[in-house]
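An overview of the molecular structure
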Amino acid sequence: MSRWKFFKDEKASYGQYLEHLYSLIINLQLCFHISWELVEVRRNMENNNQRALCQQLWAENKYLVLSHSSNIYNEIRQYLKNEEVEVSHVQELIDHACQIPEHRGQICNAFQHIWGYFKKKATDAERKDYMLLLDSYRFGQASKEDLIAKTRELLELYPNAYLQNSTLLKGDSHETLA
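Here's a quick rundown of the structure. Owing to the predicted nature of the structure, the values given are computational and were not obtained by experimental measurement. (Residues numbered from 1 in each chain as written. Predicted model: local features only at pLDDT ≥ 70, side-chain atom pairs only at ≥ 80, totals over all residues. Heavy atoms only, no water.)

Each helix and strand counted, the protein chain has 9 helices and 0 strands in total. Listing the helices and strands of the protein chain from first to last along the sequence gives α-α-α-α-α-α-α-α-α. Split into buried and exposed, the 178 residues of the protein chain put 33% on the buried side. If you take every contact in the protein chain between residues at least 6 apart in sequence, the share linking residues at least 24 apart comes to 67%. When the accessible surface of the protein chain is split by element, carbon and sulfur atoms take 53% of a total near 11500 Å². (Helix = DSSP H or I, 4+ residues; strand = E, 2+ residues; numbered from the N terminus. Buried < 20%, exposed > 50% of the residue type's maximum accessible area, 1.4 Å probe, protein only. Contact = heavy atoms within 4.5 Å. Areas by Shrake-Rupley, 256 points an atom, 1.4 Å probe, with all protein chains shown as cover.)

Right, dumping it as structure tokens:
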């Protein structure tokens, strides 16, 4: 039985039928709009989750990446400014950086960045020791492990969760020795 016949049998007017039809269309539009909004909310939540995961991955690996390649370090920084980001892409860039052999200059640069977390807290003697160790490393008279050990000593005195979670300082499967 058609809708119109049903309305005719019920003594409904054509105008009432159109009102009912209009009401159904409005409800469908509302449902579609709500569904679309839910899709957008879900997409935003997924993107926010991706962004949070990317930021966490970056926070853990930024100094490791910097110790291999300042170009890839900057590429990741720029990528994370995008509206939409993916963890898989950040991980690919990190993996790519870690395939590049470490260079003493790059490692010194990474540890100079790390020093920035201590410079306002450390004593002059601690600063001189750290800078002397960096110079010794630069000229092949100290190892990367010496730099890591000295940095960990400073972390004991001046805790910093951000640095303590750094793969460069904790060690990682990507890590190589220069």
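With that settled, the discussion passes to the packing of aromatic side chains. What characterises a pair of aromatic rings is the spacing of the ring centres plus the angle enclosed by the ring planes. If you walk through the whole model with that rule in mind, you get 5 aromatic pairs. Feature note: the residues Tyr63, Tyr117 and Tyr162 constitute an aromatic cluster, connected by ring pairs. When the ring centre of Tyr137 is taken as origin, the NZ or CZ atom of Arg104, which lies over that ring, is 4.3 Å away. (Phe/Tyr/Trp six-rings, centres within 6.5 Å; stacked < 30°, edge-to-face > 60°. Lys NZ or Arg CZ within 6 Å of the ring centre and 35° of its normal.)

A few words now on the pattern of salt bridges. The tally for this structure, following the rule as stated, stands at 3 salt bridges. Across the salt bridge formed by Lys144 and Glu102, the nearest N and O atoms sit 2.9 Å from each other. Note that Lys144 is positioned in helix α7 (residues 144-157) and Glu102 in the loop between α4 (87-99) and α5 (104-115), a separation of 42 residues in sequence. In this pair, the class of Lys144 matches that of Glu102, namely buried. In this structure, Arg138 and Asp135 form a salt bridge, with 2.6 Å as the shortest nitrogen-oxygen distance. Here Arg138 pairs with Asp135, and both are found in helix α6 (residues 124-138), just 3 residues apart, close to one helical turn. Taking the relative accessible area as the measure of exposure, Arg138 reaches 32% and is therefore partly exposed. (Salt bridge = Lys/Arg side-chain N within 4 Å of Asp/Glu carboxyl O.)

Where a protein is soluble and globular, its nonpolar side chains tend to be buried together. In terms of nonpolar packing, the biggest core is built from 39 residues, with Val65, Ile76, Leu80, Val90, Phe111, Ile114 and Phe118 touching the most fellow members. Listing elements by their share of this core, those giving two or more residues are α2 (14-68), α3 (70-79), α4, α5, α6, α7 and α9 (167-170). No other element matches the 7 residues that α2 contributes to this core. (Core = buried A, V, L, I, M, F, W, Y, C linked by side-chain atoms within 4.5 Å.)

At a closest axis distance of 12 Å, the pairing of α5 and α7 adopts a crossing angle of 5°. Classified by the angle between their axes, α5 and α7 sit roughly parallel to one another. Along the contact surface, α5 presents Ile107, Phe111, Ile114 and Trp115, while α7 presents Lys144, Leu147, Ile148, Thr151 and Leu154. The residue makeup of the contact of α5 with α7, split by class, is 7 nonpolar, 1 polar and 1 charged. (Axes fitted to C-alpha atoms, helices over the stretch in contact; angles between N-to-C directions. Parallel < 35°, antiparallel > 145°, perpendicular 65-115°, else oblique. Nonpolar A, V, L, I, M, F, W, Y, C, P; charged D, E, K, R; others polar.)

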